[in-house]
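This is what each chain is made of:
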Amino acid sequence: MLARMTSEPEQQIGVGTPDAFQRLWTPHRMAYIQGENKPTGPGAGDGCPFCVIPEKSDEDGLIIARGTHVYAVLNLYPYNGGHTMVVPFRHVADYTELDGPETAELAEFTKATMVALRTASGAHGFNIGMNQGAVAGAGIAAHLHQHVVPRWGGDTNFLPVVGHTKVLPQLLADTRRMLAEAWPLG
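As the structure is a computational prediction, the values presented were derived from the model and not from experiment. Residue positions are given per chain, counted from 1 along the sequence in the order it is written. Restriction of local features to residues with pLDDT of at least 70 applies here, the model being predicted, together with a cutoff of 80 or more for giving and counting side-chain atom pairs; totals for whole chains, interfaces and linings are based on all residues. Think of the side-chain values as coming from all heavy atoms in the structure, minus any hydrogens and water.

(A) Spotlight on the side chain of Asn80. Summarising the element assignment, Asn80 is placed in the loop between β2 (70-74) and β3 (84-88). Each residue's exposure class comes from its accessible area (1.4 Å probe, protein chains only) as a fraction of the maximum for that residue type: buried when under 20%, exposed when over 50%, partly exposed otherwise. Note on Asn80: relative accessible area 6%, which makes it buried. Engagement of the side chain of Asn80 in a polar contact is seen with the backbone oxygen of Pro150, the distance being 2.8 Å. Secondary structure elements are taken from DSSP: a helix is a run of H or I of four residues or more, a strand is a run of E of two residues or more, and numbering for both begins at the N terminus. Contacts described as polar in this section are N or O atom pairs within 3.5 Å, which, within protein, must combine one atom able to donate a hydrogen with one able to accept it, while residues neighboring in sequence count only if both atoms come from side chains.

What follows is the structure, encoded as structure tokens:
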């Protein structure tokens, strides 16, 4: 039986000090927090998800596009809808380890990701960057990846600020299909 939906805050005895805040529970994030899908070591054979993803179909791996040296993939734990990563196929940890063709294609795929996101979702701006090493915030430090996070005017509201929660209005499979259709290369 489904619980009755109400707009009144529910007081939950025994879960902390009663207050006027409603709670948005996101238990699916616990898998990421606890390290699900994280590698067991630094090698390509240590369960690196960025080495495993290209072995899957584009749909199952959430891959938007594949190049010769890199691929674009949706982030499974996105900061915003359409959060994409550009990842070299080769298992390298540091940007300085990329060769010339890999560096060039990574740059081209970053530009193509921006075009696809503007075309498909009207993104107003982007946060683009890499976290080099665990101390710099890289969740998977052993395999280089560049984040391309689309932004829209007013996209930061009270949920991420006070609730540490993002509302993603679309399933990742639908976002992947939409961006793949808008991909400008090839």
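More follows now that the structure is in view.
(B) Representation of the packing of aromatic side chains within the structure. Two aromatic rings, drawn from Phe, Tyr or Trp (for Trp, its six-membered ring), form a pair once their centres lie within 6.5 Å of each other, and the interplanar angle then sorts them: stacked below 30 degrees, edge-to-face above 60, tilted otherwise. Throughout the structure, instances matching the rule amount to 2 aromatic pairs. A ring pair is formed by Tyr71 and Phe89, whose centres lie 5.2 Å apart and whose planes are at 35°; its orientation type is tilted. Here Tyr71 is found in strand β2, whereas its partner Phe89 is found in the loop between β3 and α4 (100-121), with 18 residues between them in sequence. When its relative accessible area of 28% is taken as the criterion, Phe89 is described as partly exposed.

(C) Inspection of the sheet that holds β3 at higher detail. Two strands are said to pair when DSSP picks up at least two bridges between them. In spatial order, the strands read β1-β2-β3-β5-β4; together these 5 strands make up an open sheet with antiparallel pairing. On the outer flanks of this sheet lie β1 (63-66) and β4 (125-129), each paired with one strand and no other. Pairwise comparison of adjacent strand axes, ignoring direction, gives a mean angle of 20° for this sheet. Note: β3 against strand β5 (residues 146-151), 3 bridges, orientation antiparallel. By the bridge assignment, Val86 is partnered in β5 with Gln146. The convention used is that axes are lines fitted to C-alpha atoms, helices contributing only their stretch in contact, and that angles between N-to-C directions extend from 0 to 180 degrees.

(D) Representation of the pairing of β1. Relative to β2, β1 runs antiparallel, the two being bridged by 3 bridges. Following the sheet pairing, Arg66 is matched in β2 by Tyr71. Hairpin geometry of β1 and β2 is characterised by an intervening segment of 3 residues between the two adjacent antiparallel strands.

(E) Region of interest: the pattern of salt bridges. Note on definitions: salt bridges are taken to be side-chain nitrogens of Lys or Arg within 4 Å of carboxyl oxygens of Asp or Glu. Here the structure, examined in full by the defined rule, presents 6 salt bridges. For the salt bridge of Asp58 with Arg66, the shortest nitrogen-to-oxygen distance reads 2.6 Å. Accessibility expressed as a relative area gives 36% for Arg66, which makes it partly exposed. For Arg177, the salt bridge goes to Glu181, with nearest N and O atoms at 4.0 Å. Of this pair, Arg177 and Glu181 both sit in helix α6 (residues 172-182), separated by 4 residues, roughly a single helical turn.

(F) Structural detail: α6. Of all the positions in α6, only Thr175, Arg176, Leu179 and Ala182 are classed as buried. Along the axis of α6, the buried residues cluster in a sector spanning 135°; they form a single face. We call two residues in contact when some of their heavy atoms are within 4.5 Å. In this structure, the buried side of α6 is in contact with α3 (58-61), β1, β2, β3 and α4. By construction, the arc corresponds to the directions joining the helix axis to the C-beta atoms.

(G) View of empty space enclosed by the protein. Put plainly, a pocket is an open set of points on a 1 Å grid over the protein atoms alone with protein on both sides within 12 Å along at least five of seven lines, a cavity is a set where a 1.4 Å probe fits but cannot get out, and a lining residue has an atom within 4 Å of a point. Grid points are joined across faces, edges and corners, and a volume is the space filled by probe spheres set on the points. Applying the stated rule across the entire model yields 1 cavity of 30 Å³ or more. Volume-wise, the largest cavity comes out at about 30 Å³. Note on residue classes: Ala, Val, Leu, Ile, Met, Phe, Trp, Tyr, Cys and Pro are nonpolar, Asp, Glu, Lys and Arg are charged, and everything else, Gly too, is polar. Residues that form the lining of the largest cavity fall into these classes: 5 nonpolar, 5 polar and no charged.

(H) Quick look at the state of the cysteines. Criterion for a disulfide: a pair of cysteine sulfur atoms within 2.5 Å. Scanning the model with the defined rule gives 0 disulfides in all. Its sulfur unpaired, Cys51 is 3.8 Å from the next cysteine sulfur, which belongs to Cys48. With relative accessibility at 16%, the residue Cys51 sits in the buried group.

(I) Structural view of the confidence of the model for the protein. Of the residues in the protein, 74% reach a pLDDT of 70 or more, and the chain-wide mean stands at 83. Counting interchain partners and residues more than four positions distant, the pLDDT-below-50 stretch residues 1-5 has 0 contacts. Per-residue confidence from the prediction method is given by pLDDT, with values spanning 0 to 100.

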